[in-house]
Amino acid sequence: QSYEATHRPDVFQQADVFFQQWTGGRYERILAPLGRSVEQVQHRDGRRVPLAELSKGTAEQLYLAIRFGLVGHFTQTAEPLPILMDDILVNFDDRRATLAARSIEQIAEKHQVIYFTCHPETPLKGGLEVPLPALETVAQAQVAQTVT
């Protein structure tokens, strides 16, 4: 345990920060023993919580935190790359979505971030927003043809 604590991969150190922020400190640490995959998270009361016991939203926050940890780690030794996201906040509650949106905005200071959403209430404030008109579905096109 001591060795793992001092040799914890940078990806997880960075991911811990995001996960702690987004969960309001409810979860303090991502538990990924060296050489193995993520198995649990540590609750602030010290309990180890298996991934299967996390809500869908919390599990998605965990996975997003790990991805953001990978982005941070990668850019320590390489040029920033564009990041493409598609409605990643959809299963977050309002408070956590707002916190994660602030993290995305911070990442956008170093990276080109392209974020797609069909939810106008997404709390993400971009430098450039391009609204796209709703695309017609096949069913809508068939109805339009029968009316004309």
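Heads up: these notes are all about the structure in this document. Being a predicted model, the structure only gives us computed values, none of them experimental.

Points about the nonpolar core
Counting residues in each nonpolar core, the largest one holds 31 residues, and the members touching the most others are Leu62 and Leu89. Elements represented by at least two residues in this core include exactly helix 2 (10–22), strand 1 (27–31), helix 3 (56–74), strand 4 (83–86) and helix 4 (94–107). When residues in this core are grouped by element, the largest group, six residues, is from helix 3.

Side note on the sheet that holds strand 1
As summarised here, the arrangement of the three strands in space is 1-2-3, forming an open sheet in which the pairing is antiparallel. For this open sheet the edge positions go to strand 1 and strand 3 (48–50), each flanked by a neighbour on one side alone. Averaged over neighbouring strand pairs, the angle between their axes works out to 30° when direction is ignored. Against the sheet, helix 2 makes contact with strand 1 and strand 2 (40–43), and its axis sits at roughly 145° relative to strand 1, the strand it touches most.

As for unusual backbone geometry
Even without being a glycine, Asp87 presents a positive backbone phi close to 50°. Structurally, Asp87 can be placed in the loop between strand 4 and helix 4. Looking at Asp87, the relative accessible area reads 16%, which means it is buried.

Describing the pairing of strand 4
Residues Ile83 and Met85 of strand 4 are buried on one face, while the alternating residues Leu84 and Asp86, pointing to the opposite face, are not. After leaving strand 4, the chain enters helix 4 and then returns to the sheet as strand 5 (residues 113–116), a path that is right-handed.

Notes on the packing of aromatic side chains
To describe a pair of aromatic rings, you give the distance between the ring centres and the angle between the ring planes. A complete count under the given rule lists five aromatic pairs for this structure. Here the aromatic rings of Trp22 and Phe92 are separated by 6.3 Å at their centres, their planes lie at 50°, and the arrangement is tilted. Here Trp22, found in helix 2, pairs with Phe92, found in the loop between strand 4 and helix 4; they are 70 residues apart in sequence, far enough to count as distant. Accessibility assignment for this pair places Trp22 and Phe92 in one class, buried.

Here's the deal with helix 4
For helix 4, built from 14 residues, the straight-helix expectation of 20 Å at 1.5 Å per residue is met to within 8% by its first-to-last C-alpha distance of 20 Å. Along helix 4, the residues that are buried comprise Arg96, Ala97, Ala100, Ala101, Ser103, Ile104 and Ile107. Within helix 4, the buried residues cover an arc of 160° as seen down the axis, which keeps them to one side. Buried residues belonging to helix 4 abut helix 2, helix 3, strand 4 and strand 5. Its side-chain oxygen 3.3 Å from the backbone nitrogen of Arg95, Asp93 forms the N-cap of helix 4.

Calculation criteria
- Residues numbered from 1 in each chain as written.
- Predicted model: local features only at pLDDT ≥ 70, side-chain atom pairs only at ≥ 80, totals over all residues.
- Heavy atoms only, no water.
- Core = buried A, V, L, I, M, F, W, Y, C linked by side-chain atoms within 4.5 Å.
- Buried < 20%, exposed > 50% of the residue type's maximum accessible area, 1.4 Å probe, protein only.
- Helix = DSSP H or I, 4+ residues; strand = E, 2+ residues; numbered from the N terminus.
- Pairing = 2+ DSSP bridges.
- Axes fitted to C-alpha atoms, helices over the stretch in contact; angles between N-to-C directions.
- Contact = heavy atoms within 4.5 Å.
- Right-handed = clockwise from strand over helix to strand, strands pointing away.
- Phe/Tyr/Trp six-rings, centres within 6.5 Å; stacked < 30°, edge-to-face > 60°.
- Expected span 1.5 Å × (residues − 1).
- Arc of directions from axis to C-beta.
- Polar contact = N/O pair within 3.5 Å; in protein donor to acceptor, adjacent residues only side chain to side chain.

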